[in-house]
Amino acid sequence: MTEHCIFCRIAQGETDTERLYASDDITAFRDLRPQAPTHILVIPNRHIASLDEAREDDAALLGRMMLVAQHLTAELGLDRGYRLVLNTGAQGGQSVFHMHLHVLGGRQMQWPPG
Ligand code: AMP
């Protein structure tokens, strides 16, 4: 836990943010500024600043984050598809340095992304 990290605080239940999913190692909640009708963030509870800091030991955790995304999209009825995004580093568009998987759905996605 990093004291000033907002995503650490959300994972610890220290904010008003509603958690859509919460387990020992993963939390999911709605993005504050949604970029699609459904926009959820899936995070590891442990502070991993970005994908670049993940280690071999985190392979199962990273896999489970994807499965949590799959589970939530099924629960929310995104049966026509969805997009997962993992911005990494400044040029990758990352603004919160606690790794998070964006789950976007409910509209037609475009390619290439911005
Ligand atoms: P990124 O730019 O990939 O680092 O994404 C960070 C995301 O976190 C943005 O989409 C923000 O809208 C979102 N965000 C920042 N603070 C909060 C918060 N307190 N609760 C929910 N989402 C947040």
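See the structure shown above.
Residues numbered from 1 in each chain as written. Predicted model: local features only at pLDDT ≥ 70, side-chain atom pairs only at ≥ 80, totals over all residues. Heavy atoms only, no water.

A. A look at a nonpolar patch on the surface. On the surface, a cluster of nonpolar side chains totalling about 270 Å² of accessible area is made up of Met66, Tyr82 and Leu84. Taking the relative accessible area as the measure of exposure, Tyr82 reaches 38% and is therefore partly exposed. (Patch = residues over 30% accessible without salt bridge, like charges linked within 9 Å, V, L, I, M, F, W, Y side chains within 5 Å. Areas by Shrake-Rupley, 256 points an atom, 1.4 Å probe, with all protein chains shown as cover. Salt bridge = Lys/Arg side-chain N within 4 Å of Asp/Glu carboxyl O. Buried < 20%, exposed > 50% of the residue type's maximum accessible area, 1.4 Å probe, protein only.)

B. Region of interest: the pairing of strand β5 (residues 101–105). When you tally the buried positions in β5, you get five out of five residues, the bulk of the element. By the alternation rule, side chains of β5 split into Leu101, Val103 and Gly105 and His102 and Leu104, which are all buried. Where strand β3 (residues 38–44) meets β5, five bridges bridge the pair, whose relative direction is antiparallel. Bridging across to β5, Thr38 finds its partner in Gly105. Here strand β4 (residues 82–85) pairs with β5 via four bridges, running antiparallel. By the bridge assignment, Tyr82 is partnered in β5 with Gly105. (Helix = DSSP H or I, 4+ residues; strand = E, 2+ residues; numbered from the N terminus. Pairing = 2+ DSSP bridges.)

C. Here's a closer look at the packing of aromatic side chains. Taken as a whole and assessed by the stated rule, the structure comprises one aromatic pair. Geometrically, the ring pair formed by Phe7 and Phe29 is edge-to-face, given 5.3 Å between the ring centres and 75 degrees between the ring planes. Separated by 22 residues along the polypeptide, Phe7 in helix α1 (residues 6–11) and Phe29 in strand β2 (residues 26–30) bring together distant segments of the chain. (Phe/Tyr/Trp six-rings, centres within 6.5 Å; stacked < 30°, edge-to-face > 60°.)

D. Broad picture of the nonpolar core. Of all hydrophobic cores here, the largest spans 13 residues; its most connected members are Ile26, Ile40, Val42 and Met65. Put simply, the parts of the chain that give this core at least two residues each are β2, β3, α2 (59–75) and β5. The leading source of residues in this core is α2, at five residues. Sequence-distant contacts of Ile40, that is, excluding residues within four places in its chain, are made with Leu20, Ala28, Phe29, Arg30, Asp31, Leu72, Leu76, Leu101, His102 and Val103. Of all hydrophobic cores here, the second largest spans eight residues; its members include Phe7, Phe29, Leu41 and Ile43. (Core = buried A, V, L, I, M, F, W, Y, C linked by side-chain atoms within 4.5 Å. Contact = heavy atoms within 4.5 Å.)

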